[in-house]
Amino acid sequence: MAFMAALEADLRALSAEARRRHPAVKDAAEHAILKLRSLSGPSEIAQNEDILRMFLMACSVKSVKLSVIGLSCLQKLISHDAVASSALKEILATLKDHAEMTDEIVQLKTLQTMLILFQSHLHPESEESMSQALGICLYLLESSRSSDSVRNTAAATFRQAVALVFDNVIRAESLPSGKASSARLSSRVTSVADNVTHSFSHTLSLASNSGEPAIRENLSDVGKLGLRLLEDLTALAAGGSATWLRVHSLHRTFSLDILEFVLSTYVAIFRALLSYQQVLRHQICSLLMTSLRTNVELEGEAGEPSFRRLVLRLVSHVIRLYSSSLVTESEVFLNMLVKVTRQDLPLWHQILVLEILRGFCVEACTLRLLFQTFDMNPVNTNVVENIVRALALVVATIQASDSSEETLAAVAGMFSSKAKGIEWSMDNDASNAAVLVASEAHTITLALEGLLGVVFTIATLTDEALDVGELESPKCESNSVECSGQLALLCMAMVNSTWLTILDSLSLILMRSQGEAIILEILKGYQAFTQACGVLRAIEPLNSFLASLCKFTINTPNEGEKKSILQSPGSKKSETSMDQRDSIILTPKNVQALRTLFNVAHRLHNVLGPSWVLVLETLSALDRAIHSPHASTQEVSASVSRLSRDTSGQYSDFHILSSLNSQLFESSALMNIAAVKSLLSALHQLSSQHISGSSQLSGQQIGSISFSVERMASILVNNLHRVEPIWDQIAAHHLELANCSNPQLRSMALDSLDQSICSVVGSEKFQGISSAPHQFQESQMVNESETVSFEYAVLSPLVILYSSNKNVDVQMGALKILLHVLERHGEKLSYSWPSILHMLRMVTNASEKDLISLGFQSIRVIMNEGLATIPVECLDECILVTGAYGTQKTEINISLTAVGLLWTATDFVVKGLISKSVEQANHMNEEAQLGATFKETNIKQVSPKQVVDYNKLFFSVFSVLQKLGSDDRPEVRNSAVRTLFQTLSTHGQKLSKSMWEDCLWLYVFPMLEHVSHLASTSSRDEWQGKELGTRAGKAVHMLIHHSRNTAQKQWDETIVLVLGGIARLLRSFFPFLQQLSKFSSGWVLLLDFIKNSILHGSKEVALAAINCLQTFVGANCPKGNLESSYVKSVLDIYELVLQTSPNFKNDSTDKVKQEVLRGLGDLYVQAQSLFNDEMYLRLMAIMHLMIKATMTPTDYDSELGSIPAVQRGILEIIPMLRPTAILSSMWTPLLLELLCYLNGQEGPLQKNNRQIHDQNSGVPVDGAKRTLVERSRLNGSGTKLDSAVSCGWGILFVEKLVPIIVNLFLEAPPSERFSASPEVIHGLGRCMNTRRDNPRGTLWRISAECFNRVVTGEVRQDNADCKSDVNSYRLSRARFWKEVADVYETFLVGSCGRVLSSDVPSADSNTADETLEMSVLTVFGDDILKLQKDAPVEVLQRLVNCLDRCASRTGSLPVQTVGLLPLHCSRFSLSCLQMMFSLCSCIAKASSCAAASEASKVSIPILMKRCEVILGQFLADENDLGEHPLPSVRVKETICVLQELARLIIDINTANALNIPTYLKEALGKKKSHRRAHLLSLLPTFSELVVSREARVRELVQVLLRLISSELGLQRLT
């Protein structure tokens, strides 16, 4: 074992050290080594005394080295229990001897051994041994030969021994082993609040771990031993001697220290053992009382600060730990301590006393015990109150101090050091004055901490009362004010006895101090005490502390402070002067005070009640400071310039305070309702006290009112879940502000009321109230009365403001609020709609435009978005209110928009009608399936409120529109008319028959009559526009367009809209309307209205009426919806209009006539299937009337080279009048009618027309006869085309009419064409004859082209279908060919002798004319003469002669003038000559019919005669001219004849027609050599031409002679 080895090593060392001088010790050591080896452990060593004696022997020689080794070995033996208990006496004797040695090492070893002895099983138990052991320690402690280290070790050993003694007492007496606390007071480097909390929790833990023991009188031996020790210690502390310890004197300070240790550590001994308690009461307390006396001069040790400190600490322990048992003594002690603070004692003495008092104050349980024991006991002194007053007096000395500023700075430094966790200290080289200031500051700091300790103690105890349930938390909903618990009553008593004193002191220091730490600590005290007062419902202390706290929140510096603050090194003079205007500077103190105030308000919001006014006044000032442009924090304003201040982010304090300010009112949601009401009342009070009768308010007053209003809104927003109890307060305050005389306040109130109402209506409180107002459920009607009243209460302020306040701005504000509510949350409203609509109707009577505009915006929101959510009973009123806005005269745009909203209402109504019909259909199906039982149940379930009378709503809209339709403002009535008809047109298919009848007879037709009456009675006087100003002394008016400058014209515009609406109805719903019972009478009224509109209305009205008829016909005829009676009625209208229309020319008349023409054309096109012969003839008669009306003597448009508008209209519709298949008999009357306009005569045409009609029409001819007779009467023009033109038919009109007639003719059936073709040819011929008088005109050209078309068609047409009546056919064809011959003779032959114009025509014109002539010639020859089949011979003879005369143009002229003939004339003459050769040639007619051969037989004699004349003329001219050359024209003509004769080949029939002897014909016929028989007839002429001077002629004659020889079969002989 290590222990055995260590002992053996010590014995060897001891033997070695004693070898020379102490051989006996050496031998004993060696013997002990041998003995030790035989032992196995400490227990055997304890039984064998040799080992112990060996070490005691070594110590007895008193050699330092041997003593040290011996004492060390003794320590090992004692600590390992290797010593028997019987050896204690010898050990103590040895230790005593060594204590008397002067060597320090030996003394220390002795004390060390003594301590081990006390801690081992050998510890002294008897009084003798204990006294001897303790005496050794005290001897070394008091010995003058002991060094400081020995003394300190001795003191520690003695303290440890005392502790061991009293520990043994605890164990022996079976007392609780828990110790109260250390002898030291709480740390000075922590905050007062932390000290209080820590001490309270520590005391509570001790109280929970140990109960109060019962007092016992008997003591055990150990108890007696401790009592003897306590008595001796008390005697030594009193300056006496210790009998038991055998000590005559001891430092009193050390004795007091040991007593303090015992009293503070072993509390249970003094509380449980009577003997100890009596020593405490009689001896220790007596000692302390004597030592506390300050009225005698203390000398020696008793006057030293260390002694006084120990005495005071003992007193504090006695009071803290034993005041419950030592009541009188504690009271005396406390009174003495309080008295000391008032005496003029050294500062160090006062500091010691204040430290003790501070300790009492910061220990919550101690202060509670003292207050319970003394202050709450009437018999005893109010020691706690006295302590507080004493501390307050110490704090108040700062006012009388000459160096108060330095002292306050020192106090702030001490608090700052404590906040940093370090002890405050002074410089070593500080002056006496500085030391004095520090001492004074120390006293004030201790007193202030004591007061704060009282504050935090009260707060802690109040929290304890809350925890145990004696008090209700401020957060609870209930607001009980009774304090029934013991702890609660204690807290209340403490508050009542101390608050005033504490408040004075804390406010004094807070006012004078600037340090951050001390301010924070004091404000914590404010907060803690105020909260405790709030919890205890101590109203007066609460208000006083709040008022005091509020004084420190906002600081408005005086002039001196402003100057010192603003004149910073970096500031400018201009900034200084600017910032001096009502500057608000928040110091750190202000900021912290405000934060404290927020904390208090948050904690006590439910119990502040009337105290809210104090808080709100401060918060209002803070709000003004935050929003003030000159507000700043002190650090910013004192250290930086304005520029840097704006950009450095130094306003964080403001931001934080602003956030706290807002959070306070946001937290109102956590308050109980009574607290919220109190807060609102306080806000109302704050606002009301600034409202005066004067309209001029200061900025501060307005700021306070603004603060109140904003915070009310914030409270409302955060309490929407329980808004009903608080709404009346908020609304009343807003109404009060809105009725004041200051406009700024009114605006503020309206804005806030807007926000408030929108917030309430938009909250969840309103969810579901009116989610489906058209379908009420039983669950929604349970609390209907409450809901109704609340909803009305929310919106009633708006009605009150508008109806009772006469300020326009207030009324506008109310309307704006209503608008916002409707825009954002209109769907949630249900029961307040009647009042809303009533208010909006009142607005229409206002004279201010802005009011009406705002009210109408609300109506627009309702009509556009809210109809689906409005209650059923309010829908009709809503429509009527909209109509009221339409009738107001202030703003026309509003009226127009109101009409548009009525259109929106109709959409809603129609949707309801559709859904209603669907529901009815579904309901009928359900009834059919489930039977009558379910039907009855369902009927019971349907509430009358669910039924919406959509028919009534629809008629309400129409009633309003009808009223607006007669408004004197044209824009409004036009919009209403347009909307009414548009509504019917759009939604008519969804209306029932009954609704249609009501709409027509109640609204549409009455509107027609009313509008017509108003239009007819309106003024025709011209209006002057609005006066814009003056110029040169004359008024200048706004120009009004001529179409709107009279009331009559504007009413005409309305009638136009009415007619357009009727047209849309007839277009869309005519088949349906026909089914209505009264439609026939309505149709008569409508036609009468249209007729009057056309006849008596303006141009626009007439056109609209005509367009109405056109639309009606065009929309219904193609669908087959019209009967013939309706068509006839329309024809009657047109006929009547044309018969009665004025026969003079103006723009209106022309336009109307043009539209009537277009209407006639559309009527016929659309209703062809309904027309019979009579109706068609009537149509033609109407057309004739129209055309006849356009025949005027002068035509300005024709003079300008254009066709008049009416004639253009005539030309447009004539092609539309082509008869249909069932009206085929009408082709001839139509064509004859049109040809009358070309021929200028009609007698034969009328007769022929009547005959054709009688033969082909199966209907009575009375109508046709009447029409033709009328036409004959009206169409009495001359017999020439020129006369027709001079009577009104412009040449341009005829030019356009000719192609139309030809196109119609070509479209006519063959059976109708053959009878009309002679008249057509005749008419075209007359038009072609205009070439003589107007060769540059276009009529003859157009007519020539059309003539070619007609003739070609008629010649090529197979008229087999037309030969049923042979005689009629032959007569017609004979007339046709006669007319054809007449046309060719007149156009081709008669025109050749025309007078040439003196103007030289252009080359293009000549080319065009020549081309046209050639085309006429081509048709003449190729299509007429060659292809004709039934032309009479005499006609053919005329035609060929005509062609021959054209071919003789050149040959008939003498040689002197033939050269002057134009080239195109000579070319045309040659072409005619060539055409005659073509007619006679058998090659050209090889493929033609036999009729062509007839033409050749007629043509050959004429051709041969013409050739002979031409050749003879050539010979005669050549002889006459002699050597002179012939004109080229003549030569070309002769050569052409010779060439064509050479090429011509004829057939036998043509040869037989030649004028040659018969024998030649027979001979040629036999030999079949007739192909060139025509040359034989000209052989004499050829014989003369052989001597011509023209070589080309001679050559051609030679060719012809050879051909003759060949034809005769003659050959040359050689």
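This one's a predicted model, so the numbers in the text were calculated from it and none came from an experiment.

**Re the overall build of the protein chain**
Part 1: Within the protein chain one finds 70 helices and 4 strands.
Part 2: Residue burial in the protein chain is summarised as follows: out of 1614 residues, 53% are buried.
Part 3: Nonlocal contacts in the protein chain, meaning residues at least 24 apart in sequence, comprise 76% of its contacts between residues at least 6 apart.
Part 4: Summing over all exposed atoms, the protein chain offers an accessible surface of approximately 69,900 Å²; the carbon and sulfur share of this is 52%.

**Considering the nonpolar core**
Part 1: Within the largest apolar cluster, 497 residues are counted, with the highest numbers of intra-cluster contacts made by Trp727 and Tyr1384.
Part 2: For this core, the leading source of residues is helix H21 (residues 432-468), giving 16 residues.
Part 3: Excluding residues within four positions of it along the chain, Tyr1384 makes contact with Phe1347, Val1351, Val1389, Val1416, Val1419, Phe1420, Ile1424, Leu1439 and Cys1442.

**Some thoughts on the pattern of salt bridges**
Part 1: Taken as a whole, this structure holds 38 salt bridges when the rule is applied.
Part 2: Taking the shortest distance from any N to any O, the salt bridge between Arg313 and Glu260 comes out at 2.8 Å. Linking Arg313 in helix H15 (residues 305-322) with Glu260 in helix H12 (residues 252-265), this pair joins segments that are 53 residues apart in sequence. Of the two residues, Arg313 and Glu260, neither departs from the other in class, the shared state being buried.
Part 3: Each of Lys1378, Asp1382, Glu1385 and Arg1438 takes part in a single network of salt bridges with overlapping partners.

**Description of the confidence of the model for the protein chain**
Part 1: Per-residue pLDDT for the protein chain has a mean of 77; in total, 81% of the residues score no lower than 70.
Part 2: Overall, residues 206-210 carries pLDDT values under 50, and its contacts beyond four positions in sequence, including any with other chains, amount to 3 contacts.
Part 3: A low-confidence stretch, residues 1242-1288 (pLDDT under 50), is modelled with 79 contacts involving residues beyond four sequence positions or located in other chains.

**With respect to empty space enclosed by the protein**
Part 1: In this structure the tally under the stated criterion is 9 cavities of 30 Å³ or more.
Part 2: By volume, the second largest cavity amounts to about 100 Å³.
Part 3: If you trace the second largest cavity, you find it lined by Leu1000, Val1004, Phe1005, Leu1008, Ile1062, Leu1065, Leu1066, Leu1073, Phe1079, Gly1082, Trp1083 and Leu1086.
Part 4: Mapped by element, the contributors of at least two residues to the lining of the second largest cavity are helix H45 (993-1016), helix H46 (1047-1074) and helix H47 (1079-1096).
Part 5: By residue class, the composition of the lining of the second largest cavity is 11 nonpolar, 1 polar and no charged.

**Thoughts on helix H23 (residues 516-536)**
Part 1: The end-to-end C-alpha distance of H23, which contains 21 residues, comes to 30 Å, matching closely the 30 Å that a straight helix rising 1.5 Å per residue would cover.
Part 2: Most of H23 is tucked away: 17 of the 21 residues are buried.
Part 3: A positive backbone phi angle near 60° is found at Arg537, which sits one or two residues after H23.

**Details of the packing of H46 against H47**
Part 1: Following both chains from N to C, one finds H46 and H47 inclined at 150°, their axes separated by 12 Å at the closest point. Comparing the axis directions of H46 and H47 gives the class roughly antiparallel. Considering how the two elements wind past one another, H46 and H47 form a crossing that is left-handed. Residues Ile1055, Val1058, Leu1059, Ile1062, Leu1066, Phe1070, Leu1073 and Gln1074 of H46 form the contact with H47, whose own contacting residues are Phe1079, Trp1083, Leu1086, Phe1089, Ile1090 and Ser1093.
Part 2: For the contact of H46 with H47, the residue count by class is 12 nonpolar, 2 polar and no charged.

**Quick word on unusual backbone geometry**
Part 1: Of note in the backbone geometry, Ser174 takes a positive phi value of approximately 55° without being a glycine.
Part 2: Mapped onto the secondary structure, Ser174 falls in the loop between helix H9 (148-172) and helix H10 (192-209).

**A short note on the packing of helix H62 (residues 1403-1425) against helix H64 (residues 1463-1480)**
Part 1: Contact geometry for H62 and H64: axes closest at 11 Å, N-to-C directions at 10°. Judged on the interaxial angle alone, H64 and H62 are roughly parallel. Across from Glu1410, Glu1413, Met1414, Leu1417, Thr1418, Gly1421, Asp1422 and Leu1425 in H62, the residues of H64 making contact are His1464, Arg1467, Phe1468, Ser1471, Cys1472, Met1475 and Leu1479.
Part 2: Classifying every residue of the contact of H62 with H64 gives 7 nonpolar, 4 polar and 4 charged.

**Side note on helix H37 (residues 808-825)**
Part 1: Taking 1.5 Å of rise per residue, the 18 residues of H37 would be expected to cover 26 Å, and the 25 Å separating its terminal C-alpha atoms lies within 8% of that figure.
Part 2: Turning to H37, its buried residues are Val810, Gln811, Met812, Gly813, Ala814, Leu815, Ile817, Leu818, Leu819, Val821, Leu822 and His825.

**Description of the packing of aromatic side chains**
Part 1: Summed over all chains, the structure comprises 30 aromatic pairs.
Part 2: With a centroid separation of 5.9 Å and an interplanar angle of 70°, the aromatic rings of Phe270 and Tyr322 are classed as edge-to-face. Taken together, the positions of Phe270 in helix H13 (residues 267-272) and Tyr322 in helix H15 put the pair 52 residues apart, joining distant regions of the chain.
Part 3: Given a relative accessible area of 1%, Phe270 falls into the buried group.
Part 4: Taking 4.1 Å as the distance between ring centres and 15° as the angle between the ring planes, the aromatic pair formed by Tyr1384 and Phe1420 counts as stacked. Residue Tyr1384 is found in helix H61 (residues 1366-1389), and its partner Phe1420 is found in helix H62; the two are separated by 36 residues along the sequence.

**Examining the environment of Gly359**
Part 1: Take Gly359: it is sitting in helix H17 (residues 347-362).
Part 2: Expressed as a C-alpha distance, the spacing of Gly359 and Arg320, which sit 39 residues apart in the sequence, is 9.3 Å.

**Describing the side chain of Glu1410**
Part 1: With respect to the helices and strands, Glu1410 occurs in helix H62.
Part 2: When neighbours within four sequence positions are excluded, Glu1410 is seen to be in contact with His1464 and Arg1467.

**Focus: the environment of Asn590**
Part 1: Examined against the element boundaries, Asn590 turns out to sit in helix H27 (residues 588-603).
Part 2: Separated by 38 residues in sequence, Asn590 and Phe552 place their C-alpha atoms 5.6 Å apart.

About the thresholds
Residues numbered from 1 in each chain as written. Predicted model: local features only at pLDDT ≥ 70, side-chain atom pairs only at ≥ 80, totals over all residues. Heavy atoms only, no water. Helix = DSSP H or I, 4+ residues; strand = E, 2+ residues; numbered from the N terminus. Buried < 20%, exposed > 50% of the residue type's maximum accessible area, 1.4 Å probe, protein only. Contact = heavy atoms within 4.5 Å. Areas by Shrake-Rupley, 256 points an atom, 1.4 Å probe, with all protein chains shown as cover. Core = buried A, V, L, I, M, F, W, Y, C linked by side-chain atoms within 4.5 Å. Salt bridge = Lys/Arg side-chain N within 4 Å of Asp/Glu carboxyl O. pLDDT = per-residue confidence, 0-100. 1 Å grid on protein atoms, 1.4 Å probe; cavity = no way out; pocket = protein on both sides within 12 Å on 5 of 7 lines; lining within 4 Å. Points joined across faces, edges and corners; volume = space filled by probe spheres on them. Nonpolar A, V, L, I, M, F, W, Y, C, P; charged D, E, K, R; others polar. Expected span 1.5 Å × (residues − 1). Axes fitted to C-alpha atoms, helices over the stretch in contact; angles between N-to-C directions. Parallel < 35°, antiparallel > 145°, perpendicular 65-115°, else oblique. Left-handed = near helix turned anticlockwise from the far one by under 90°. Phe/Tyr/Trp six-rings, centres within 6.5 Å; stacked < 30°, edge-to-face > 60°.

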